[in-house]
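# Remarks on the overall topology
One-letter residues, chain by chain:
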Amino acid sequence: MRYSKKLLILGSTGFLGSSIDESLRGSTFEIEILSPTREELDLLDSDRVRSFVNFHKPDIIIHCAAHLPVELDFKKSREINNRIDSNIAGALNNNSNCRLIYFSGTSVYKSSEVLITEESALNPSNEYFQSKLDGEKIFQNTGINTVILRVSAPYGAKQRAKTVLQKFIELALSNAPITLFGDGQRVQNFTYINDVVSAVYHVLLREDVDGVFNICSDNSVSMRELAEILVDVTNSKSEIFTSNKIDPDQNTVLKFSNQKAKLLLLWSPKFNIRSGLIDLLHEAGHSL
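A brief structural summary. All figures in this text were calculated on a predicted structure; none of them were measured in a lab.

We now examine the packing of aromatic side chains. The full count for this structure, using the stated rule, is seven aromatic pairs. When the centroid spacing of 5.1 Å and the interplanar angle of 50 degrees are considered together, the rings of Tyr 102 and Phe 139 count as tilted. Residue Tyr 102 is found in strand β4 (residues 99-105), and its partner Phe 139 is found in helix α4 (residues 127-140); the two are separated by 37 residues along the sequence. Comparing Tyr 102 with Phe 139 shows no difference in burial state: the two are buried. Chaining the aromatic ring pairs together yields one cluster made of Tyr 155, Phe 190, Tyr 192 and Phe 271. One Lys or Arg, Lys 260, reaches over the ring of Phe 213 and ends 5.0 Å from the middle of that ring.

Once that is clear, we can look at the pairing of strand β5 (residues 146-151). Of all the six residues making up β5, six are buried; the element is thus mostly covered by neighbouring parts of the structure. Side-chain alternation along β5 places Thr 146, Ile 148 and Arg 150 on one buried face and Val 147, Leu 149 and Val 151 on a second face that is also buried. Sheet topology note: the β4/β5 ladder contains six bridges and is parallel. Across the sheet, the residue bridging to Tyr 102 is Ile 148, located in β5. Of the crossover connections in this fold, the one passing from β4 over α4 to the parallel β5 is right-handed. Taken together, the five bridges between β5 and strand β10 (residues 211-215) define a ladder with parallel strand orientation. Looking across to β10, one finds that Val 151 is bridged to Ile 215.

Let's shift gears to the sheet that holds β10. Within the open sheet, the six strands sit side by side as β2-β1-β3-β4-β5-β10. Their pairing is parallel. At either end of the open sheet lies a strand with only one pairing partner, and these are β2 (31-34) and β10. The mean angle between the axes of side-by-side strands here comes to 20 degrees, regardless of whether they run parallel or antiparallel. Where strand β1 (residues 5-10) meets strand β3 (residues 60-63), four bridges bridge the pair, whose relative direction is parallel. Along β3, the bridge assignment pairs Leu 8 with Ile 61. Running at roughly 155 degrees to β1, helix α1 (residues 15-25) makes contact with β1, β2, β3 and β4 of the sheet.

Our focus in this paragraph is the pattern of salt bridges. For the coordinates displayed, the defined rule picks out nine salt bridges. Asp 232 is the partner of Arg 274 in a salt bridge, and the nearest nitrogen-oxygen pair spans 2.8 Å. One end of the pair, Arg 274, is in helix α9 (residues 273-283); the other, Asp 232, is in helix α7 (residues 223-233), with 42 residues separating them in the sequence. Judged by its relative accessible area of 34%, Arg 274 falls in the partly exposed class. You can call Asp 232 partly exposed: its relative accessible area is 46%. Three or more residues are tied together by salt bridges with common partners; here these are Arg 78, Glu 127 and Asp 134.

Criteria and thresholds
- Residues numbered from 1 in each chain as written.
- Predicted model: local features only at pLDDT ≥ 70, side-chain atom pairs only at ≥ 80, totals over all residues.
- Heavy atoms only, no water.
- Phe/Tyr/Trp six-rings, centres within 6.5 Å; stacked < 30°, edge-to-face > 60°.
- Helix = DSSP H or I, 4+ residues; strand = E, 2+ residues; numbered from the N terminus.
- Buried < 20%, exposed > 50% of the residue type's maximum accessible area, 1.4 Å probe, protein only.
- Lys NZ or Arg CZ within 6 Å of the ring centre and 35° of its normal.
- Pairing = 2+ DSSP bridges.
- Right-handed = clockwise from strand over helix to strand, strands pointing away.
- Axes fitted to C-alpha atoms, helices over the stretch in contact; angles between N-to-C directions.
- Contact = heavy atoms within 4.5 Å.
- Salt bridge = Lys/Arg side-chain N within 4 Å of Asp/Glu carboxyl O.

What follows is the structure, encoded as structure tokens:
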């Protein structure tokens, strides 16, 4: 088969990267996919990154690579991510025809009581999230076609991080009590991995589009609602309790607009939190 494009996935062993890699390899896109492991391409080595990009000359780079905070060392995480992003940007200086899809997150925004759009105020809450915003600026300054996807709380079967959603799933499946932090009224927007992958497809199909896009579901849920839905879909005997600890963010209501992605990428999420959780549990081998 003759490929029309060459695509490089960075961070291909992580949650987002591996999900995108697996899906694209089973798709009808006429693309050659490069997905080097960390051992095959050390993104902290600027010479190796430059040599790899210059040799393979990818038409598209999907950048999912990031160093997550270890033991809450957010400063170290930011330093490493800044180096990774600077090395990739430097390698693109002689590849002006390359297109970049960069994964950021909605945690770069300042909390707001109104619907958050791509034009809303920015205020990352820690240095890891600041590193994602740093990366956005680094790649926007390269002058190449850059699409930034600010994804809200992605989840799926391949996820290894112990998020609140993963903890709730484990408790519900074992019929253990689910204790909410505070009164459980904190609101979050969870995005199922299939919708994230779908957004990448839509970016690939619209070659002239660039800019920043919120990728999120159409509805946000409170932590109590999340626990109740999980108990229902798993037919769990778990009881839901509130803790005596005060959640400092219990009044946080994060609601994001995905209208720009719907308009320019012609993308729309297909999963709400209930259908996403059901699909995730089926993918993980649980019979409901």
